[in-house]
Amino acid sequence: MATYLVTGGAGFIGSHVVHTLAERGESVRVLDNFSTGFRANLAAVIGPIAIHEGDICDLESIKPHFEGVEYVIHLAALPSVARSVADPIESNAININGTLNVLMAARDARVKRVVFAASAAAYGDNPVLPRTESLLPNPLSPYALQKLAGEYYCQVFTHVFGLEAVALRFFNIFGPRQNPDSPYTGVLSKFITAYLRGNIPVVFGDGEQSRDFTHVDNVVDATLRACTSAKAAGRVINVGTGESYTLNQTIALLNSIFGRGVKPQYGPPRPGDARHSRADITLARQLLGYEPVRNYPEGLRLTVEWYSARVAGGKAH
Ligand code: NAD
Ligand code: UD1
C-alpha cells in the first residue's frame, strides 16, 4: 500500500482518481478548498480516505499534508479558459503559484513523484493534427499559459531538484460528476443534460469543430500509470484517445442513444476556439503502456446513463 495525496480530489477528475485508488486499497489523502469541487463527490468512496480542506496558495499550511506521501497527483486548479480571461491574476495565483507551492512541498517532503494535470490547451490553434508533444506550444489564453508554466516547473524540479514530476496533457475530459451547471463546464455535460431536461443543445458555430473527447476512466488509468512508470519522470505526455469527433457527430450519437431526433440550435462561434484537436498518444503508449480503456461512443453512453439516473433522482450532477 502506498500513500497518495490528490490535490483537487473533490473535483470531477480528482474524485474518479480517489475512487480508484481507494478501491485498490491505497492510502489516500485529499487536499481541496472546495471552490469547484464537492464533498458529495467523495461520499461513496469505499475505504478510509483523509479529506483536508486547504488552499494550495498557502504553502505553510499545506506542507504537513505532504509528510509521508509517496505520490502526489496535482489536479487542483481553476480549470477554465473563460475564468482565466475574466480574472488572469486569480487564476495565475492558483494555477502557477499554487503549482509551485505543491512542487516545493513535495520536494521538501521527499515524495517519490508528482503527476501534474497539464492541458491540450497548450497547443492552441496549431493546425497540425494529431498533436504531438514535440509541436511548439502556442498558448492562447492565460489558462493555457499557466498550465504550460506548470509543465515547465515540473521539468525544472525534476532536473534541478531531482523531484520526479510528470506532466500529462489532458484532452477534453468528460464523464460522471462533471458539473453541468457550472458556466465553465465541458460541452458534453451541457448537451447531455439539455437532452434530459428537454432543452435544445446549442452548438457554437457550424458544429464541424472536432475534439478528442476522452472518457475520465482513460485519464485515471494514465494518471496512475504515470505515478510508477519508470520512463515517465520529467516528461510531458498527451492523454487522449487518438480519435476525434465533431459536435455534429456527437449530436447524432446522442440522438441514437436517446432514440430521438433532436436538431440543435446553431449560434455564433465562440471566439478563441480551436477548430480541431486530436491527441497523438504514441508517447503515452511507449512511456506509460497506456491504451484507452473506453472509446468515445461507449464513454458517452455510460455518461448518459449516469446523468439519466441522477436527473431522475432529482439531482443536477
Ligand atoms: P474541477 O474544477 O472539477 O476540479 C478542480 C478541483 O480543484 C476542485 O475540487 C477545486 O475545489 C479544487 N481547487 C481549486 N482551487 C484550489 C485551491 N486553491 N486549493 C485547493 N484546491 C483547489 O476540474 P477538473 O475538470 O476535474 O480538472 C482537474 C484538473 O485537470 C485541473 O488541473 C484542470 O486544469 C485539468 N484539466 C482538465 C481538463 C478537462 O477537460 N476537464 C482538460 C485539461 C486539463
Ligand atoms: C476543453 C477544456 C479545457 C481543456 C481543453 C483541452 C472544459 C470546459 N474545457 O476546452 O479545460 O484545457 O479542453 O483540450 O472542459 N460548445 C458548444 N456548445 C456549448 C459549449 C461548447 O458548441 O454549449 C463548443 C465550443 O465552442 C467548442 C467545443 O464545444 O468548440 C468544446 O468546448 P469545451 O467543452 O468548452 O472544451 P474546449 O474549449 O475544447
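In case you missed it, the structure is sitting above this.
What comes next concerns the included structure. (Residues numbered from 1 in each chain as written. Chains lettered and ligands numbered in written order. Predicted model: local features only at pLDDT ≥ 70, side-chain atom pairs only at ≥ 80, totals over all residues. Heavy atoms only, no water.)

1. Digging into the packing of helix H6 (residues 187–197) against helix H8 (residues 247–258)
Link 1 in the chain: Where H6 contacts H8, the two axes come as close as 11 Å, and the packing angle between them is 35 degrees. Here H6 runs over H8; the crossing is right-handed. Across the interface between the two elements, Val187, Leu188, Phe191, Ile192, Tyr195 and Leu196 of H6 pack against Leu247, Thr250, Ile251, Leu254, Asn255 and Phe258 of H8.
Link 2 in the chain: Here the contact of H6 with H8 is built from residues that sort into 10 nonpolar, 2 polar and no charged. (Axes fitted to C-alpha atoms, helices over the stretch in contact; angles between N-to-C directions. Helix = DSSP H or I, 4+ residues; strand = E, 2+ residues; numbered from the N terminus. Left-handed = near helix turned anticlockwise from the far one by under 90°. Contact = heavy atoms within 4.5 Å. Nonpolar A, V, L, I, M, F, W, Y, C, P; charged D, E, K, R; others polar.)

2. As for the nonpolar core
Link 1 in the chain: In this structure, Ile13, Val17, Ile73, Leu168, Phe170, Ile237 and Leu288 are the most contacted members of the largest nonpolar core, which totals 45 residues.
Link 2 in the chain: In terms of residue count, helix H7 (residues 216–228) provides more of this core than any other element does, 7 residues in total.
Link 3 in the chain: Leave out the neighbours within four places in its chain, and phenylalanine 170 touches Ile13, Leu75, Ala117, Ala118, Ser119, Ala120, Val219, Thr223 and Val239.
Link 4 in the chain: Core analysis: the second largest hydrophobic core is formed by 26 residues, Ile56, Leu59, Cys154 and Leu163 among them. (Core = buried A, V, L, I, M, F, W, Y, C linked by side-chain atoms within 4.5 Å. Buried < 20%, exposed > 50% of the residue type's maximum accessible area, 1.4 Å probe, protein only.)

3. Focus on the sheet that holds strand S3 (residues 49–53)
Link 1 in the chain: Here we have 7 strands laid out as an open sheet, ordered S3-S2-S1-S4-S5-S6-S11, and parallel in their pairing. Both outer strands of the open sheet, S3 and strand S11 (236–239), are each paired with one neighbouring strand and no more. Pairs of neighbouring strands in the sheet enclose a mean axial angle of 20 degrees, with direction left out of account.
Link 2 in the chain: Pairing of strand S5 (residues 113–119) with strand S6 (residues 164–170) involves 7 bridges; the strand directions are parallel. Bridging from a neighbouring strand, arginine 113 pairs with glutamate 164 of S6.
Link 3 in the chain: Strands strand S1 (3–7), strand S2 (27–32), S3, strand S4 (71–74) and S6 of the sheet are contacted by helix H1 (residues 12–23), whose axis makes an angle of about 165 degrees with S1. (Pairing = 2+ DSSP bridges.)

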